[in-house]
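# Chains, contacts and geometry: an overview
One letter stands for each residue in the lines below.
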Amino acid sequence: RLLRMAFPNVIWEMRSPERAIAITFDDGPDPVFTPKVLEILREHGIQATFFLVGERVRRFPELLQRIREEGHEVGNHSDSWQRSIQLSDDEFERDLLRAGQSLGLESMGLESMAQGSGPKLFRPAGGFIRGSQLRLLRKHRYCAVLGSAFAFDPYRPPSKYIEWAIGRGLKRGAIIVLHDSGGDRSKTVGALPAILHRAHAAGY
């Protein structure tokens, strides 16, 4: 709550009249785990948001294409996964724009936003961001998105823990934060079907 008060211009939860939640995946794309996540999402008829790293998109462009073709949303998660808060403002801006170009986001301007596509999404690498960096995001028509349901899956806890931790955060407007790259994500992949089943059972 203190962080939300300190950073009111960051999206922590969705505002939706529907009984809905958002599920997001960070750090990809990954040639092993991203396809597994995509297959599970397809089986459940779920669209997610993938916060992608520019350097990895350049290595695996076919995965970016598949993510888009399967109806998922793409957000910017930096170019090289250097922690955003550790970058100078100039470094941050260059990193943001290079990743955005690799993701095809820099072509989205006011015209596309006016047509209903909404602002571009950015999630800071490492989860922290300075006020001056938020101003740079607004300059380039991005909004910063964090989340409200975390399982800290980069530390590879058991799948049952991931299911439990995300389950505790399931409520209207929740933004779930999981990871499909950056190491062995088999525990996350193993937990994902149960998370989706639980969300459906709760009416989301």
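In this report, the structure presented in the accompanying data block is examined. (Residues numbered from 1 in each chain as written. Predicted model: local features only at pLDDT ≥ 70, side-chain atom pairs only at ≥ 80, totals over all residues. Heavy atoms only, no water.)

Turning next to the pairing of strand β6 (residues 142-145). Alternating residues of β6 divide into Tyr142 and Ala144 and Cys143 and Val145, and every residue in both groups is buried. Examined bridge by bridge, strand β1 (residues 10-11) and β6 share 2 bridges and lie parallel to one another. Its bridge partner lying in β6, Val10 is registered against Ala144. Of the pairings in the sheet, the one linking strand β5 (residues 120-122) to β6 comprises 3 bridges and is parallel in character. By the bridge assignment, Lys120 is partnered in β6 with Tyr142. One crossover worth recording links β5 to the parallel β6 by way of helix α7 (residues 131-139), and it is right-handed. (Buried < 20%, exposed > 50% of the residue type's maximum accessible area, 1.4 Å probe, protein only. Helix = DSSP H or I, 4+ residues; strand = E, 2+ residues; numbered from the N terminus. Pairing = 2+ DSSP bridges. Right-handed = clockwise from strand over helix to strand, strands pointing away.)

Next up on the list: the packing of helix α2 (residues 33-44) against helix α9 (residues 186-201). Following both chains from N to C, one finds α2 and α9 inclined at 15 degrees, their axes separated by 10 Å at the closest point. The pairing of α2 with α9 is recorded here as roughly parallel in orientation. Between α2 and α9 lies a crossing of right-handed hand. Residue-level contacts link Phe33, Lys36, Val37, Ile40, Leu41 and His44 of α2 to Ser186, Val189, Leu192, Pro193, Leu196, His197 and His200 of α9. Here the residues of the contact of α2 with α9 are counted per class, giving 8 nonpolar, 4 polar and 1 charged. (Axes fitted to C-alpha atoms, helices over the stretch in contact; angles between N-to-C directions. Parallel < 35°, antiparallel > 145°, perpendicular 65-115°, else oblique. Left-handed = near helix turned anticlockwise from the far one by under 90°. Contact = heavy atoms within 4.5 Å. Nonpolar A, V, L, I, M, F, W, Y, C, P; charged D, E, K, R; others polar.)

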